[in-house]
Amino acid sequence: MNTKPAETTLARWLDDDLEGTELAAFEASHAADATLLARREESRAWRASVAAAIPAAIEPAYPEFFNHRIAKSIRERMPKAQPRRRAAAAWRAWWMPASAAAGMVLAFWLGTKTGGTPQMMTLANPDAAQVAAQGPTVYTPEHGVDAEWFASPDAAATVIVLEGVDAIPDTLDFSDSVGLLSTANSTAALEPSDDAEVPE
Amino acid sequence: MTRRACLVVLGATLGWLPLRVLSAPEDPGKSVLGEVTVTVYYATDGDPAAAGPKATVVGKALEKRLRNEEKLRFKHYRLLGDDTQPLFRSYENWAQPLKPSDEVLVKFEARSRPTKEATHLDLELWLSRKKILKTDVLLQGDHPLLVLGPEWRGGRLIIAVSLAADKKPR
């Protein structure tokens, strides 16, 4: 007959955890076992000494802080929830470029149907006639000064008439103008050439 | 390395540097596209001698040309001065037709690439060191810009801007 107690039952008996019929049955079988009784006494003494050294409940310092750190660590380890793609994004990815391309084609087609070939004028290659027809842009920043321009076929020139300009003081003398003294043929710039016709 | 070899190397280096500087590529913006002439005339119905003894009488053809335009019609015209300056590709330039006086100054700059037929310019006319007029103008061969300007000694100044006769745009 096996009189050796089960390990778990023995451990519970040593911890004074058995109650009722379990305790009665165990003690009926092993009450005379002096070794077991000695181990129980030893266990009781050890538990008593531990209970005397450590208070029943010790609160950790700054419990909220530790709880917060633990919760944060748990959140970080958990996989992040992926933002749900909206259903509209799928068709947009295809239809937006397609509709843009269709719009460009339509605009090009409309362009070919409106009017004739446009006159292109670039800064690098101006159409002299077009620029001449537009005439100069005239701006007089000085207060009280006005400027009027017109193309003069009689003088074969573009003429700008300034009004309201302060007169140059009569005391100013231009007799020593370097240009006048050094350029013997200085009127050549505006003198028509022999084959040019000056309007009568 | 011998002393003579050192001198040879040093001489070659010192000779190479100036050559390198001289042969450095020029600023393309300073390439000359043509020349612009600014001329100042004195026009008056009074005594033309007021312009001074050195002012010269203009040619008959020019006189007729100016007189053809009613706004520019005066009895007498005298040349006061002129200045011809290069037209740069990217940079502005100034003409000072009455130098050493800076009473009349014209700043000009290419507005577009000149052609053989026409040159489109941005122009500023400065009188008495004040900007009086800002304009753009298309100069064509024998088609100048004439500005009827300020009064002076009983007459008025006419500032003409034209392409230099012997310097066609290129």
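None of these values were measured; they are calculated from a predicted model.

1. Some details on the overall build of chain B
Right, so step 1: When helices and strands are counted, chain B shows 2 helices and 9 strands.
Right, so step 2: The secondary structure elements of chain B, listed N-terminal to C-terminal, are α-β-β-α-β-β-β-β-β-β-β.
Right, so step 3: Within chain B, buried positions represent 43% of all 170 residues.
Right, so step 4: Long-range contacts, defined here as pairs at least 24 residues apart, represent 54% of the contacts in chain B between residues at least 6 apart.

2. With respect to the overall build of chain A
Right, so step 1: Looking only at helices and strands, chain A has 7 helices and 3 strands in total.
Right, so step 2: When its helices and strands are written in sequence order, chain A yields α-α-α-α-α-α-β-β-β-α.
Right, so step 3: Expressed as a percentage of its 200 residues, the buried residues of chain A come to 12%.
Right, so step 4: Look at the contacts in chain A between residues 6 or more apart in sequence, and 22% of them connect residues 24 or more apart.

3. Concerning the sheet that holds strand β7 (residues 130-140) of chain B
Right, so step 1: Judged by pairing direction, the sheet is antiparallel, and its 5 strands sit side by side in the order β1(A)-β7(B)-β6(B)-β5(B)-β4(B) without closing on themselves. A strand with exactly one partner marks an edge of an open sheet, and here the two such strands are β1 (138-139) of chain A together with β4 (93-95) of chain B.
Right, so step 2: Examined bridge by bridge, β1(A) and β7(B) share 2 bridges and lie antiparallel to one another. Its bridge partner being in β7(B), Tyr139(A) is matched across the sheet by Lys134(B).

4. Structural notes on the interface of chain A and chain B
Right, so step 1: At the interface, 49 residues of chain A touch 60 residues of chain B.
Right, so step 2: Those elements that provide at least two residues to the side of chain A that touches chain B are α6 (128-134), β1, β2 (146-152), β3 (157-163) and α7 (178-182) of chain A.
Right, so step 3: Among the elements that make up the side of chain A that touches chain B, the one with the highest residue count is β3(A) (6 residues).
Right, so step 4: Split by residue class, the side of chain A that touches chain B holds 33 nonpolar, 10 polar and 6 charged.
Right, so step 5: Sheet analysis places β3(A) next to strand β8 (residues 145-152) of chain B, joined by 4 bridges and oriented parallel. For Val159(A), the partnering residue across the bridge sits in β8(B) and is Leu146(B).

5. Looking at the sheet that holds β8(B)
Right, so step 1: In spatial order, the strands read β2(A)-β3(A)-β8(B)-β9(B)-β1(B)-β3(B)-β2(B); together these 7 strands make up an open sheet with mixed pairing. Among the strands making up the open sheet, the edge pair consists of β2 of chain A together with β2 (56-57) of chain B.
Right, so step 2: Where β8(B) lies against strand β9 (residues 155-163) of chain B, 6 bridges are found, and the strand directions are antiparallel. Looking at the pairing, Leu146(B) lines up with Ala160(B) of β9(B).

6. Examining helix α2 (residues 60-68) of chain B
One turn of an α-helix holds 3.6 residues; hence residues three or four places apart share an orientation.
All names here are of chain B.
Right, so step 1: Where α2 is concerned, the buried positions are Leu62, Arg65 and Leu66. The buried residues of α2 all sit within an arc of 95° when viewed along its axis, so they share a single face.
Right, so step 2: Of the surrounding secondary structure, the elements contacted by the buried residues of α2 are β3 (76-88).

7. With respect to the confidence of the model for chain A
Residue and element names in this part refer to chain A.
Right, so step 1: Confidence in the prediction of chain A, expressed as mean pLDDT, is 75, and 66% of residues score 70 or more.
Right, so step 2: Mean pLDDT across the elements of chain A ranges from a minimum in α7, with 55, to a maximum in β3, with 94.
Right, so step 3: Confidence over residues 115-126 falls short of pLDDT 50; this stretch has 10 contacts with residues more than four positions distant or in other chains.
Right, so step 4: When the criterion is pLDDT under 50, residues 193-200 qualifies, and its contacts beyond four places in sequence or with other chains add up to 10 contacts.

8. Focus on the environment of Arg40(A)
Residue and element names in this part refer to chain A.
Right, so step 1: Here arginine 40 is to be found in helix α3 (residues 34-53).
Right, so step 2: For the pair formed by arginine 40 and leucine 14, sequence separation is 26 residues and the distance between their alpha carbons is 4.9 Å.
Right, so step 3: If we skip the residues at most four places from it in the chain, arginine 40 touches Trp13 and Leu14.

Conventions and cut-offs
Residues numbered from 1 in each chain as written. Chains lettered and ligands numbered in written order. Predicted model: local features only at pLDDT ≥ 70, side-chain atom pairs only at ≥ 80, totals over all residues. Helix = DSSP H or I, 4+ residues; strand = E, 2+ residues; numbered from the N terminus. Buried ≥ 20, exposed ≤ 12 C-beta atoms within 10 Å, placed from the backbone. Contact = placed C-beta atoms within 7 Å. Pairing = 2+ DSSP bridges. Nonpolar A, V, L, I, M, F, W, Y, C, P; charged D, E, K, R; others polar. Arc of directions from axis to C-beta. pLDDT = per-residue confidence, 0-100.

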